[in-house]
Amino acid sequence: MTKSKEGHRMTRKTLIGALVCFPVIGGAIAACGVGSSTDMETPPPQMKLISESQYRNTIADIFGDDIKVVGRFEEVPEVDNLSALGATHVSISSRGYERYFGLATTIAEQLVSDDHWEKVVPCDDEEAGVSEVCLRESISSIGERLLRRPMSTEELDLWVAEIRKSTEALGGEREGVALAIEGMLASPSFLFLTDDTEPDPDGDGIRLTAFAKAHRLSFFLWNSVPDEELLEVARTGEIHSPRVLKAEVSRMVQSDRIQAGAQAFFEDFLNLDRFDTLEKDKVIYPAFNKRAAVDAKEQVLRFLDHQLIEKEEAYPTIFTSKDTFMTRPLGMIYRVPVKKAEGWEPYRFADDDPRAGLLSQVGFTALHSHPGRSSATLRGIAIRELLLCQSVEPAPAAVNFTVVQDTHNPNFRTARERLTQHRTDPACSSCHEFIDPAGLALENFDGMGAFRKTENGARIDTSGELDGYLFSTLPDVEQTIANHPGAPACLVEKAQKFALGREPEGEELAWRSRLEKTFERKGQKFPELLKDIALSEEFYSVGEPARTGIQAASVDEIGGKS
């Protein structure tokens, strides 16, 4: 590292250490509720780690989609099958923080380049340089967007003073501004979506600040930061007016940006991020390559967006619709003609084709399979847990899966025969009787999602029973899930948890019941569900926190542990 780079790094560390504090648990930066609430009916404010897609969308929306965000993000564990819940429990390790710091550095370097400088500091005078007024205006504007709140005069004074100091140390105004942007992007105020609160003028408790309310709404509906119109009603405080909030929610749901919010939810709801690490046996499934995996994930999202957002169809239609979208790599798996060598084209399965809806898509069947074979068990668990929100007990330890895994056993040629033999083990029978029938209904799809009628020369039997509903064919089970009362109730449950970023508590369970009834009454339209959540008082409610042992430490303390 050259001397100037080392000086740059030390100045950067000093700047950030002087201006921001980190909540630390066990040596890591942690997302959390700020202690338990003194009012058990209303959970306390919380911190939630920004997701990768939210980070990328934020940078694109504030600075332009030509800014490259290159680097690894901290892995977020799922809680109750949702990363949105895991984000409130995750910590950033010292190594993880270094990665976020690296991201911030590369973004800041791009923003002060010739291509973007005028957008970052629009008042720069080529001859006179950046005036004090210009610098304060520019940093204040950037800070409001990245820190998700207005900067106080004292705070702005600190940032500008450090920029001037850094400019002198590093020999250029752009370097000083880059350090400020880098510091903001690496600060917990940016990396965590935080519930800032203020005294509630209409009661004895607290409420979200106008900016916190605007950002909670925007990250839920758009998976990104507010636009200028939403920011303006936050600046004026008008967002606290029910009339203004209703108008903003209607505008946002009708906006094209609602697609990003809906996709973020369904990607989490259906665990589609698992496609990032999905692999198939290349000998058994040569048609399933990296390109097919990427397209399979996007096919699901395009399909849901088309059905639920563009056409505003009722939710159950996603299990029965014949319409979808195809690419050439997916056409190889579905064995259907695709005219375009590149890109997407609409496709409709024939009326006599048993395939329809989400359960027939590679994005569901391949995702819930093993690398070299299908899995009625994994698919059954996915239907039970992801689509119906039912609990499945984990497999007991030391279970013998030999029969299930031996797909070439001449005595048990189909998955149904192998699982029937497996269930003779009393330790396995109860769970598999609950899980397997739904999964066996999808055995017409092999491990990469291609349709088949036989396995090892034996006809595949897809008949079964699910919660009292009998079925014998693939269209039967598709219709069974579409008609199952647990399916829309599960969507509402997951949407509520996704919005809150945690399990509902107390009166929030009654709120869910109310959402379910309204969803049913409004024809099970997904945009209406988003709107109802966004207009609910419970969505913005916070209780007084009872402070716990969360400590504060400067970045220098964290850096010393790395």
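Heads up: the structure comes first, above all this text.
Bear in mind the structure is a predicted one, so any value in this text is a computation, not a measurement.

> So what's going on with the packing of aromatic side chains? Residues and values would help.
Scanning the model with the defined rule gives 16 aromatic pairs in all. Consider the rings of Phe 266 and Phe 269, whose centres lie 6.1 Å apart with planes at 50°: the pair is tilted. Taken as a pair, Phe 266 and Phe 269 lie in helix α13 (residues 258-269) at a separation of three residues, close to a single helical turn. The exposure classification of Phe 266 matches that of Phe 269, with both residues buried. Arranged with centres 5.9 Å apart and planes meeting at 75°, the rings of Phe 445 and Phe 451 form a pair that is edge-to-face. Judged by relative accessible area, Phe 445 falls into the buried class, the value being 0%. Here the aromatic residues Phe 265, Phe 266, Phe 269, Phe 498 and Phe 526 are joined through ring pairs into a cluster of three or more. When the ring centre of Tyr 540 is taken as reference, the NZ or CZ atom of Lys 213 above it lies at 5.0 Å. When the ring centre of Phe 434 is taken as reference, the NZ or CZ atom of Arg 384 above it lies at 3.8 Å.

> I'd like a description of the pattern of salt bridges, backed by residues and values.
With the rule as written, the count across this model stands at 42 salt bridges. Across the pair Glu 229 and Arg 251 runs a salt bridge, and its minimum N-O distance is 3.3 Å. With Glu 229 in helix α11 (residues 228-235) and Arg 251 in helix α12 (residues 242-254), this residue pair connects regions lying 22 residues apart in the sequence. Here Glu 229 falls in the partly exposed class, since its relative accessible area comes to 43%. On the basis of relative accessible area, Arg 251 is assigned to the partly exposed category, the value being 23%.

> If you had to explain the state of the cysteines to someone new, which residues and values would you point to?
According to the stated counting rule, one finds two disulfides in the structure shown. Linked covalently through their sulfurs, Cys 123 and Cys 134 form a disulfide whose S-S length is 2.0 Å. An S-S torsion of about 90° defines the bridge between Cys 123 and Cys 134 as right-handed. Taken as a pair, Cys 123 in the loop between α5 (117-120) and α6 (132-146) and Cys 134 in helix α6 lie far apart in primary sequence, eleven residues in all.

> Outline the nonpolar core, supporting the account with residue identities and numerical values.
Counting 97 residues, the largest nonpolar core has Leu 221, Phe 288, Phe 319 and Phe 526 as its most contacted members. Among the elements that line this core, the one with the most residues is helix α14 (residues 290-310), at nine residues. Contacts of Phe 526, omitting those with residues within four sequence positions, involve Ala 262, Phe 265, Phe 266, Leu 308, Ile 309, Leu 491 and Phe 519. Core analysis: the next-biggest nonpolar cluster, separate from the first, contains 49 residues, Leu 111, Val 112, Leu 185 and Leu 191 among them.

> Requested: an account of the side chain of Glu 508, with residues and values cited.
Assignment of secondary structure puts Glu 508 in helix α23 (residues 508-521). You can call Glu 508 buried: its relative accessible area is 4%. Only 2.7 Å separates the side chain of Glu 508 from the backbone nitrogen of Glu 505, close enough to count as a polar contact. Beyond its immediate stretch of four places on either side in the chain, Glu 508 contacts Pro 43, Gln 496, Leu 500, Arg 502, Glu 503 and Glu 538.

The rules behind the values
Sequence order as written defines residue numbering, which begins from 1 separately in each chain. Local features are withheld for residues below a pLDDT of 70 in this predicted model, meaning they are given only at 70 or higher, and side-chain atom pairs are given and counted only at 80 or more; totals for whole chains, interfaces and linings count all residues. Side-chain measures here rest on the full set of heavy atoms in the structure, leaving out hydrogens and waters. Any pair of Phe, Tyr and Trp rings, taking the six-membered ring for Trp, is counted once the centres come within 6.5 Å. Such a pair is stacked with planes under 30 degrees apart, edge-to-face with planes over 60 apart, and tilted for the rest. Every helix listed is a DSSP run of H or I at least four residues long, and every strand listed is a run of E at least two residues long, numbered separately from the N terminus. The rule is simple: take the accessible area with a 1.4 Å probe, protein chains only, and divide by the maximum for that residue type; under 20% is buried, over 50% is exposed, in between is partly exposed. Consider the ring centre and the ring normal. A charge sits over the ring if Lys NZ or Arg CZ is within 6 Å of that centre and within 35 degrees of that normal. One side-chain nitrogen of Lys or Arg within 4 Å of one carboxyl oxygen of Asp or Glu is enough to make a salt bridge. Here, the term disulfide refers to a pair of cysteine sulfur atoms separated by no more than 2.5 Å. The term nonpolar core refers to a set of buried residues drawn from Ala, Val, Leu, Ile, Met, Phe, Trp, Tyr and Cys, joined through side-chain atoms within 4.5 Å. Here, residues are in contact when the closest pair of their heavy atoms is within 4.5 Å. Think of a polar contact as two N or O atoms within 3.5 Å of one another; within protein, one of them needs to be a possible hydrogen donor and the other a possible acceptor, and neighboring residues in sequence only count if both atoms come from side chains.

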